[in-house]
Each structure stands twice: as C-alpha cells, then as structure tokens.
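# Architecture at a glance
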Amino acid sequence: MTKKITFMCTAFRDGFQSVYGARVFTRDFLPAVEAARDAGISYFEAGGGARYQSLYFYCNEDAFDMMDAFRETAGPEANLQTLARGVNVVGLESQSSDIIDLHAKLFEKHGITTIRNFDALNDVNNLVHSGQCIAKHGLKHQVCVTLMQLPPGCKGAHDADFYEKTLRGILDADIPFDSVCFKDASGTCVPSTVHETIKRARKILGPEMFIHYHTHETAGISVLGNKAALDAGADAIDLSMAPCSGGTCQPDILVMWHALRGSEYDLGIDPEKIREAEEVFKECMADYFLPPEAVAVEPLIPWSPMPGGALTANTQMLRDNGIMDKFPEMIRAMSEVVRKGGFGTSVTPVSQFYFQQAFNNVMFGEWQKIAEPYGKMVLGYFGKTPVPPDPEVVKLASEQLELEPTTTPPIELNDADPNKGVEAARKICREHGFDDTEENIFIVASCKEKGVAFLKGEATVGVRKVDKHAGDAGPQGASAAAGPAVYDVTVNGKRYSLRVDGNTATVNGKAYSVDLKVAAEGSSDGGGTAVVTAAHDVHAQMPGKVLKLLANVGDAVQDDQPILVLEAMKMEVPVNAPVAGTITSVDVAAGEQVANGQKLASIG
C-alpha cells in the first residue's frame, strides 16, 4: 500500500527568489501557472517572502495585483500559500502590531489561503501576534520551526533537542495553527537530524497534525532530506519545476517522483503532464538571465550556510555593482559571521544580515564596520538569538550603532516607535498626495522610500534579461556597460596598478577623481590629460545606489557628518564628510548608481 504525499509547488515564489533574485514580471510567468494547474497541481506558493518587496523594488509592479492575477489563473479551489517572517511579515524590518494585523487582512483579501509563518531566530515570542492575526482573518496558519546545520566545529543549537524545545515553546505559547513546517532554507540540515526532529514532532503533535518539510538542493542533500522527513512521518514536502529547480531551489517534481519510484510513497502526478508544464515554464523564462550559481550544488555551503533565495539575490546585486569577483571571499567570510552572531537560522532576514556583515568584513576589513541589521540582531532588537552572540561583537555593535543591548520584544519597541505603524504610514501617504488605502499604507510601511517611489510612479526596473543582440545580461535586457580599464604602469622604475573607471582613477588602491580628455591632434602631450581635483573630494567606499542626499551645495558640514546615503546590498550606508567645511559640489543625484571610488561631492 502506497502513501499519497502532498507537495507544494514552489516554482513561482521560492523558485523565482532562488534563481532570479525574485525579479520576475507577472505577465511572463502566468502561462506557466496555467500549465501547472492543467497538469493537476493545486497547491502553489504564490507570494510573500522576497517576492513581495521585489515587485516594488525591481519590477515596478504591485504585489497585490500579482496575487489577484495568480488567484484568477490558479482557480478558486487552489490552495495559495505565502511566506511571512513573524514580526517582519514580508520585509527585512520588523513591524508594529497594527501593520502585522494589516498584513494578514490584506493577504486574505487578495486571494491567499495559507500563510507559512516563521521566525529566523526561533524566538517563539515573535510568532504569537502574527499567528493570532493570521487565524483571526480566516487564513490557515502554518507555523514554522527553522532549521539549518551549524558550520563544522560549532555546537550549542540546531539539533533535534533544540528544535523540539522550539516546538514545545510554540505549543506552550498557545499560538493558533493548522499545520507545522520544519523549514531548512539553506538546505544544510543533515538527514539524520531531519528524521529525528520530525519523528519527535509526530510523537508530540499526534497522528492527525499536518507536518510539512521544506529544504533546498544547495548542499546536494535535498532528496535525502525529503525522504528522511517522509520516513519520520511528514505529510508534505516542497518541490519545484524547471528551470527553477535543483541547485539553490527545491528539487524538481520529476526528480522526487523518480527518487520515490518503487517505494511506499506516491506523489500522485502524471509525469508526462508535468513535463509538458515544465516546457511551458522554460519558454516563459527563456529571456531571463540564469545565473550559473543558481542551478549548481555548492559543496562549501555547509561551512557558510546561505539560503538559495539569498544567494542569488546577493549575486544579482554584486553583478549590478560590478563586484561579483568578491563573492567567493564573502562566502568564506560568512562562516565566522554565523559563528559570532548567536546562531540565528540562516533564512531571511537573518541570512541577509549575515551576508551584509560578511560583505562589510571583505570590503572594509574584518569587523571594522558593523552592518546595522547584523548589529541590531546581536544587540537583541530582533528578539533572542538561540545562543548569546560573541561579547566582543556585541561591544563593537553597541559602540558603532550607539545602541544599548535590549531584551524588550521587538513588537513592543515597534509599537512605541512613532515612525512605525498605520498612522505613521498614513501620514506619509497624505504628505505625498496619494490615497491612504490600506494597500498603500502597507506598501509604505513595508517598503519605505521604495514604496513611496512606486506609488509616486518613480520606481525603477531592475529585472535582468538576456540581451540576445549584445550577448550579455543586464537590467531589462540592456547590455552590460564596458568594464573598467586596468593597467600596470611603470614610472621611473616604480610599478603602479592603475584602474580607470569613468572619471575615477584608482592607483594602488587609492581613488582619485579625474577629468579625462582626448588631446587635440598634434598636442605635445601625445595623449589624454588627467586633472586631479581638490584634496577634499568625497569618494564612494563601495558601489551602490544613491538613496538620498543630506547636504546641498553651500551647506556647512562638520567632520564625519553624513552628507548622503548609499544603498548597497539592501543596506543604507551613510557617506560622511572627511573634513569640516562647505559643500562646493554634489556630483551625483538620488537614484544614480555609483562605482567604488567614484567622486560623490567636494568640500572646500
């Protein structure tokens, strides 16, 4: 006798996040949803997670319109599920209680059936209010325990005992839920731990509770992990469809069907119809740039647990900023960041905090610059980490961020913050002159400046499609800009490394703003001229996008005063004045992409 195994098709949310950094236009993939529906699939992941913010950040689309279109295409009977991050709901920043409630209300309004709800720290306190809101608005609540394998040599959490303790904490908190998911976003939890964890959960929860297991193929063990979960009593697993399957994604439906052939488990599919649906999906995505790391198993992931959805989102940003060559170094740096950060599960948003700190450690030197979200995490502003973070890192974070450690629950901090909540977002809506609908209020609260830009019609598009004429990939199909010129220059027997990128020349690692001109024919200098500007030019220390200008020409500024803010790797990075003086030029505009070392302003 075979057991019918339920599976959720993750291709159109986690698949998009894991392969394309969640940057996919709705119109492009709906034919694949229709094909999957016709192949007999009725349980879909249809939004949430990074597929919420990415639509406003990169696609110039409304996530609520996308959910409406998904529901219309999938049909009225489909179980449409989204992903939520506890008190963070669908953003990287935690929210107030009224915004958490509004999240559940709006997602139910726009066709969602079930919300999978997790906390990256496994802090049960962060799941209480969000779970209550999901149940209150008539949605099914799938509560999560988040899994990962600690890097080799680490211990203290993330074993079956820890996961059992977390599950019992959920039960003790009396959180309403309809099912339980054990979610391994990095795909690193070893099958023996998966089996023991779910076996204990089945014993605790009883035979009727629906248990779901989620993993990725990033470390190459997803099929083994799924089989271990099923053997231990799980009812459901997550599977995807090519081209968004394998590698950083979930295993393919057809791969898992093949792995289970001859066993006591049956997915209940017609494999030929699934093959046809996958061909439609491949055709839909044919114009999208497919990062090679998205469909590969990465053997080093157990040492640097990086979720599939974070891995490609970060590589997309590194490519956009011209520093993809730094990625292997950042992966190596991530291991120490995890070790010292308190062992929060490497899943959004904590995985992004880890990567941001690894990014800073590579770009600025080890622990020289604490990434604000990572610093807030070790200081307790997102909840309690599974084990205490490294005391020296906590001290550095407190000093650099000028914040004291806290044990106050995030939702209490947010409810007391006048800049958060429905009324704060409503005020912003009115200030900018657009309707204060509940949808607009939530967009502003969850997406901040980028939400405002979308609602004002000023959003930019950052979808990477293949330019078939240029043979390269770039945002919206634009061919990649020519890269910097790199030279080895010898002057009077001394060798210099010279890199020229636009009007920025970097000599032995030091950046100068230059004015390059082609000499007139017959000029005695025999070539271009380079005029170095004043000593107090302000240069970008990393590539990024100008988020906001804080000073104008003629403003007096103090030494170390912020004069503008860059956005890099989902971080807001202030650029400070190197000296006191008067702003004599501002050489960039809000929204402009800048290169590492590029001149931003001058101070006289």
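Residues numbered from 1 in each chain as written. Predicted model: local features only at pLDDT ≥ 70, side-chain atom pairs only at ≥ 80, totals over all residues. Heavy atoms only, no water.

## Observations regarding helix α7 (residues 160–172)
For α7, built from 13 residues, the straight-helix expectation of 18 Å at 1.5 Å per residue is met to within 8% by its first-to-last C-alpha distance of 18 Å. Against the buried residues of α7 lie α6 (125–136), β6 (140–146), β7 (179–183) and α8 (191–205). In the stretch just after α7, Asp174 is the one whose phi turns positive, near 60°. (Helix = DSSP H or I, 4+ residues; strand = E, 2+ residues; numbered from the N terminus. Expected span 1.5 Å × (residues − 1). Contact = heavy atoms within 4.5 Å.)

## Concerning the packing of aromatic side chains
This model, assessed by the stated rule, comprises 24 aromatic pairs. An aromatic cluster is built from Phe12, Phe16, Tyr20, Phe29, Phe44, Phe70, Phe281 and Tyr288, whose rings are joined through pairwise contacts. Between the NZ or CZ atom of Arg23 and the centre of the ring of Tyr58, over which it lies, the distance is 3.7 Å. Sitting above the plane of the Phe57 ring, Lys450 keeps its charged end 4.5 Å from the centroid. (Phe/Tyr/Trp six-rings, centres within 6.5 Å; stacked < 30°, edge-to-face > 60°. Lys NZ or Arg CZ within 6 Å of the ring centre and 35° of its normal.)

## With respect to the environment of Phe182
Locating Phe182 in the fold gives a position in strand β7. Here Phe182 is in contact with Val145, Leu147, Leu167, Thr197, Ile198, Ala201, Ile211, His212, Tyr213 and His214, once residues within four sequence places are set aside.

## Some thoughts on the confidence of the model for the protein
Residues of the protein with pLDDT of at least 70 account for 88%, and the chain-wide mean is 89. Low pLDDT, under 50, characterises residues 477–483; the stretch is placed with 9 contacts to residues that sit more than four places away or in other chains. Counting interchain partners and residues more than four positions distant, the pLDDT-below-50 stretch residues 518–534 has 15 contacts. (pLDDT = per-residue confidence, 0-100.)

## Considering the sheet that holds strand β20 (residues 556–557)
The strand order across the open sheet formed by 4 strands is β18-β25-β23-β20, and the pairing between neighbours is antiparallel. The open sheet has two free edges, formed respectively by β18 (537–539) and β20, since each of these has just one partner strand. Here β18 pairs with strand β25 (residues 599–603) via 3 bridges, running antiparallel. Along β25, the bridge assignment pairs His539 with Lys599. (Pairing = 2+ DSSP bridges.)

## Observations regarding the pattern of salt bridges
Applying the stated criterion across every chain, the model contains 29 salt bridges. The partner of Glu196 in a salt bridge is Lys199, and the shortest N-O contact between them spans 3.3 Å. Of this pair, Glu196 and Lys199 both sit in helix α8, 3 residues apart, roughly one helical turn. Assessed through its relative accessible area of 42%, Lys199 is described here as partly exposed. When salt bridges that share partners are traced, they join Asp161, Glu164, Arg168, Glu196, Lys199 and Arg200 into one network. (Salt bridge = Lys/Arg side-chain N within 4 Å of Asp/Glu carboxyl O. Buried < 20%, exposed > 50% of the residue type's maximum accessible area, 1.4 Å probe, protein only.)

## Comments concerning helix α14 (residues 350–364)
Here α14 spans 21 Å end to end across 15 residues, near enough to the 21 Å set by a 1.5 Å rise per residue. The element α14 is extensively covered by neighbouring structure, given that 15 of its 15 residues are classed as buried. Of the residues one or two after α14, Gly365 is the one with positive phi, at around 105°.

## Let's talk about the pairing of strand β5 (residues 114–117)
Side chains Thr114 and Arg116 of β5 all project onto a buried face; the interleaved residues Ile115 and Asn117 project onto the opposite face, where all are buried too. As paired elements, strand β4 (residues 79–84) and β5 share 4 bridges and run parallel to each other. Paired with Gln81 across the two strands is Thr114, which belongs to β5. Chirality of the crossover, the property in question, places the unit of β4, helix α5 (residues 97–109) and β5 among those that are right-handed. Pairing between β5 and β6: 4 bridges, direction parallel. Its bridge partner being in β6, Arg116 is matched across the sheet by Gln142. (Right-handed = clockwise from strand over helix to strand, strands pointing away.)

## Description of the environment of Arg332
Here Arg332 lies in helix α13 (residues 327–340). Judged by relative accessible area, Arg332 falls into the exposed class, the value being 56%. Along the primary structure Arg332 and Val362 are separated by 30 residues, whereas in three dimensions their C-alpha atoms are 9.6 Å apart.

## Let's talk about the nonpolar core
Of all hydrophobic cores here, the largest spans 86 residues; its most connected members are Phe12, Tyr52, Phe70 and Phe442. With 8 residues, helix α19 (residues 438–455) is the largest single contributor of residues to this core. Once you skip the residues sitting within four places of it in the chain, Phe70 turns out to touch Phe12, Phe29, Leu30, Val33, Phe44, Glu45, Ala46 and Leu80. Core analysis: the second largest hydrophobic core is formed by 73 residues, Ala333, Met334, Phe343 and Val350 among them. (Core = buried A, V, L, I, M, F, W, Y, C linked by side-chain atoms within 4.5 Å.)

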